[in-house]
Amino acid sequence: MAVEPSDFRCSMLAMQLADEWTEYVAATAIGTQARTYLQAIDRFCEYVDKVLGTKAEGASLADPNLLDTLIKWELSLPEGNAQGSTRPYLVAAALRVLVVRRDDHPDRTVATELARLARGPMLLRSGEKTERDEFTRQEKRAMVRAAWTSAHAVRKRLDDGWALAEQGCHPDQGSWTSIPDLLWGLTHEKITVDDIHRFVPPSREWSPELLEFTAGPGKVPYPQTAGLALARSLFASLYPTTFDLHGFRVLLMDATGYTSEEVTGFGEEDVEFLPKGVRLTLLKNRAGLLRHRAFRDRFPPDASSPNDADGQLTVDWPRREASEVVRQLLHLTARVRAKAPQVTDTLFVRAAIRPDYSVVFDRWTPTVVSVKFSRWLAAMEVEVKGAGHIGRLRKSVKVEKAIVTEGRIGAAADDHTEETFARHYAQGTTLRILSGRTIATAQQHWFDKALDRVDGPTVLAGTECIDQDLLEDSGLSPQEAEEIMTGQLDMGVSHCKNPYQSPYSRPGELCAVAPLRCLECRNAWILPTNLPQLLLFKAHLERLRALLTPQAFSRLWGQSWVNLNAVLDDRTPEERAQARKHIEAGEASLDLPLAAHTEFDA
């Protein structure tokens, strides 16, 4: 997409905005975001043409009458977009940036009304941005394994390609359908890609070996594009491609924990190998941060790692060491970097052949649809749920760091603010699950402690005769059972097996809260004969419940109320009716201290 002023009737307006866009892109060096500004210009000019008709020819940012059109255009942007989309806001903001930029130029005129609108608050809401979830730990492990597999396969392919090139000769002396001869000619710069296009015979005359080399096992190249496919296969045997570098990006993000932008944004001069690791200079363009970070090896270079036997490498297993990944990347891209001296700020360089048979040695472009990250995942047979976006891998690394640091945000957010971590990383599924487990574990811990405390009375219900043997069988000593049976331990609403060992008083002192807290005490024993006093105590609590606020009653008497109702619910209606008869006959009474009748006065 490109802005051509001649495409619009408002050509003057389009030219003004296009000039600002060109200068802005050159000054800021923005990448894919430049398309948003371009789209804003296109959509605004199309709207001006549609609304103003023939009058659009005189439209200019210096014309104050354009204000209403600009406002209506901005308000119309949500049409055709999903509800909550952030796109209308971004497009409107992009156009405002260009208007403000033009207004800041001393030699360019912008109507005061337009400049005031561009600098003022947005007319649209920013929309709702859906945060990408991280890859699961299983998906990430599969990704790292696939990245190492890819890295080793690429290294082997290039080594085999250069070794094969040494076996050939000039195609004029050998054959234009011989793979070693074609590779020899390219490596010694004796032939060009255009020579391959001109001198290699049609694909119908190719050997099965050449057909398989070009199109893959069991496939045949299209005759019209066979020459181009052959040239690309030859170059892929000598130099890394964009597709090959995805694996190294995965490995660096896994080993360092930094963003895709940072691990692909350092050059050879930004690498310093240490005795036990590597120091990298990382640049984060979006935040304008330049960091110097050292990454230590798990095993010293001169020590045998778990995959070494007698100093010989037996299994090329994935080692999560940044230094190892950087060494392999430097070796892999050395020939491309030698042919692209203009690229010094990244090790991610590749060779490519364009449809016109021109050769390009330049930085990689992973956003191209045919070689984007999701295609690499599919090619490596890594199955993931959701979008195959590299940003999700960064979140996976951050989640692992949060787990290792036991959830300490300050430690996990070591390369950005804690607010950024909470907004972008702490909302992932893994951390939500771990948080839920932590909360559930804590709740279970305190619940178990509450159960272990047994802060409540022991209730002996039933109509059967309660004798001393039954009390002893229930856990009382013979002396305690005898004193309860003789009424020596009657505390009013219950019996107490030891009033001198109360949890509410000092050991050895007589309980000071009986009978008000007996229903919350582990020393209390409630017998069927206590039922009339329990009914009287319930009436007392009901009066307090009517006088106190719900919060105060729950704080002071909540546990006693719950325990009392639980005890009474276990009694049959006949038992409760018989107990009320004893109360009405004056055969049962409840003695409470004066404090029980005055506490609500406060």
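Residues numbered from 1 in each chain as written. Predicted model: local features only at pLDDT ≥ 70, side-chain atom pairs only at ≥ 80, totals over all residues. Heavy atoms only, no water.

Enquirer: What exactly am I supposed to notice about unusual backbone geometry here?
Expert: Trans is the prevailing form of peptide bonds, just as negative phi is the prevailing case for residues other than glycine. Residue proline 515 is reached from alanine 514 by a cis peptide bond, and omega for that bond is 0°. A positive phi is found at glutamate 189, a non-glycine position, where the angle reads about 55°. Its identity as a non-glycine residue notwithstanding, tyrosine 357 has a phi of 70°, on the positive side. Within the fold, tyrosine 357 resides in the loop between strand E6 (349-353) and strand E7 (359-363). Tyrosine 357 sits in the buried class, given a relative accessible area of 15%. (Helix = DSSP H or I, 4+ residues; strand = E, 2+ residues; numbered from the N terminus. Buried < 20%, exposed > 50% of the residue type's maximum accessible area, 1.4 Å probe, protein only.)

Enquirer: Is there a simple way to think about the side chain of threonine 187 in this case?
Expert: Note on placement: threonine 187 falls in helix H7 (residues 179-187). Overall, threonine 187 belongs to the buried group, its relative accessible area being 17%. A distance of 3.0 Å separates the side chain of threonine 187 from the backbone oxygen of tryptophan 184, its partner in a polar contact. A polar contact is formed between the side chain of threonine 187 and the side chain of histidine 188, at a distance of 3.2 Å. (Polar contact = N/O pair within 3.5 Å; in protein donor to acceptor, adjacent residues only side chain to side chain.)

Enquirer: Help me understand the pairing of strand E2 (residues 277-284), please; the structure alone is not making it clear to me.
Expert: It is a general feature of regular strands that their side chains alternate between the two faces of the sheet. Of all eight residues making up E2, six are buried, and the element is well covered by its neighbours. Direction of pairing for strand E1 (residues 271-274) relative to E2: antiparallel, over a ladder of four bridges. Bridge assignment links glutamate 272 to a residue of E2, and that residue is arginine 279. Count of turn residues in the E1/E2 antiparallel hairpin: two residues. Across eight bridges, the pairing between E2 and strand E3 (residues 289-296) is antiparallel. By the bridge assignment for E3, leucine 282 is matched with arginine 291. (Pairing = 2+ DSSP bridges.)

Enquirer: Sorry if this is basic, but what is going on with the sheet that holds strand E8 (residues 458-459) here?
Expert: As a general point, the strands of a sheet are linked pairwise by backbone hydrogen bonds and lie either parallel or antiparallel. Sheet architecture is open: three strands sit in the order E8-E10-E9, paired in mixed fashion. Looking at which strands have only one partner, the edges of the open sheet turn out to be E8 and strand E9 (495-496).

Enquirer: Would you mind going over the pattern of salt bridges with me for this structure?
Expert: Opposite charge on two side chains makes pairing possible when the charged atoms of those side chains draw close. If you walk through the whole model with that rule in mind, you get 17 salt bridges. Close ionic contact of arginine 157 with aspartate 244 constitutes a salt bridge, the shortest N to O distance being 2.5 Å. Note that arginine 157 is positioned in helix H6 (residues 137-165) and aspartate 244 in helix H11 (residues 242-256), a separation of 87 residues in sequence. Arginine 157 sits in the partly exposed class, given a relative accessible area of 28%. Of the charged contacts, one joins arginine 198 and aspartate 194 as a salt bridge, the two residues approaching to 3.1 Å between their closest N and O atoms. Taken together, the residues arginine 198 and aspartate 194, both in helix H8 (residues 193-199) and four residues apart, mark about one turn of the helix. (Salt bridge = Lys/Arg side-chain N within 4 Å of Asp/Glu carboxyl O.)

Enquirer: Mind showing me how you'd approach helix H3 (residues 66-76) here?
Expert: One turn of the α-helix equals 3.6 residues, which is why residues spaced by three or four share an orientation. Those residues of H3 not exposed but buried are Leu66, Leu67, Thr69, Leu70, Trp73, Glu74 and Ser76. For H3, the elements touching its buried residues are helix H1 (11-28), helix H2 (34-52), helix H4 (87-104) and helix H5 (112-119). (Contact = heavy atoms within 4.5 Å.)

Enquirer: Help me understand H1 in this model?
Expert: Compared with the 26 Å implied by 1.5 Å per residue over 18 residues, the 25 Å span of H1 between its first and last C-alpha is a close match. Burial in H1 covers these residues: Leu13, Ala14, Gln16, Leu17, Ala18, Glu20 and Tyr24. Of the surrounding secondary structure, the elements contacted by the buried residues of H1 are H2, H3 and H4. (Expected span 1.5 Å × (residues − 1).)

Enquirer: When you look at the packing of H7 against helix H10 (residues 226-236) in this model, what are you seeing that I'm missing?
Expert: When two helices pack together, you describe them by how their axes are tilted relative to each other and by the distance separating the axes. Two numbers describe how H7 lies on H10: the axes approach to 10 Å, and their chain directions differ by 70°. Relative to H10, the element H7 lies roughly perpendicular. Side by side, H7 and H10 meet where Ile179, Leu182, Leu183 and Leu186 of the first sit next to Leu230, Leu234 and Phe235 of the second. (Axes fitted to C-alpha atoms, helices over the stretch in contact; angles between N-to-C directions. Parallel < 35°, antiparallel > 145°, perpendicular 65-115°, else oblique.)

Enquirer: Would you mind going over the pairing of E6 with me for this structure?
Expert: For E6, a buried count of four out of five residues is recorded, marking the element as mostly surrounded by other parts of the structure. Where E6 lies against E7, five bridges are found, and the strand directions are antiparallel. Residue pairing across strands places alanine 351 opposite phenylalanine 361, the latter belonging to E7. Where E6 folds back onto E7 in an antiparallel hairpin, the turn is made up of five residues, including tyrosine 357, whose phi is positive at roughly 70°.

Enquirer: It is not clear to me how the sheet that holds E2 should be interpreted in this structure. Could you clarify?
Expert: Judged by pairing direction, the sheet is antiparallel, and its three strands sit side by side in the order E1-E2-E3 without closing on themselves. In the strand order of this sheet, the two ends are held by E1 and E3, each with one partner. Between one strand and the next, the sheet's axes are offset by a mean angle of 20°, whatever the strand orientation. Along the sheet, helix H13 (residues 322-339) makes contact with E1, E2 and E3, crossing E1 at roughly 125°.

Enquirer: Whenever I open this one, the packing of aromatic side chains confuses me. Can you help?
Expert: A ring pair, where both rings are aromatic, is described by two values, the distance of the centres and the angle of the planes. What the rule picks out here adds up to twelve aromatic pairs. Plain terms: the ring middles of phenylalanine 44 and tryptophan 73 are 5.1 Å apart, the flat faces sit at 65° to each other, and that makes the pair edge-to-face. Taken as a pair, phenylalanine 44 in helix H2 and tryptophan 73 in helix H3 lie far apart in primary sequence, 29 residues in all. As far as the burial class goes, phenylalanine 44 and tryptophan 73 line up, both buried. Between phenylalanine 348 and tryptophan 364, the ring centres sit 5.2 Å apart and the planes meet at 35°, which makes this aromatic pair tilted. Here tryptophan 364 lies in the loop between E7 and helix H14 (373-379) and phenylalanine 348 lies in the loop between H13 and E6, a separation of 16 residues in the sequence. An aromatic cluster is defined as three or more aromatic residues linked by ring pairs; in this entry it consists of Trp162, Phe235, Tyr239 and Phe361. Against the face of tryptophan 162 rests arginine 335, its NZ or CZ located 3.8 Å from the ring centre. (Phe/Tyr/Trp six-rings, centres within 6.5 Å; stacked < 30°, edge-to-face > 60°. Lys NZ or Arg CZ within 6 Å of the ring centre and 35° of its normal.)

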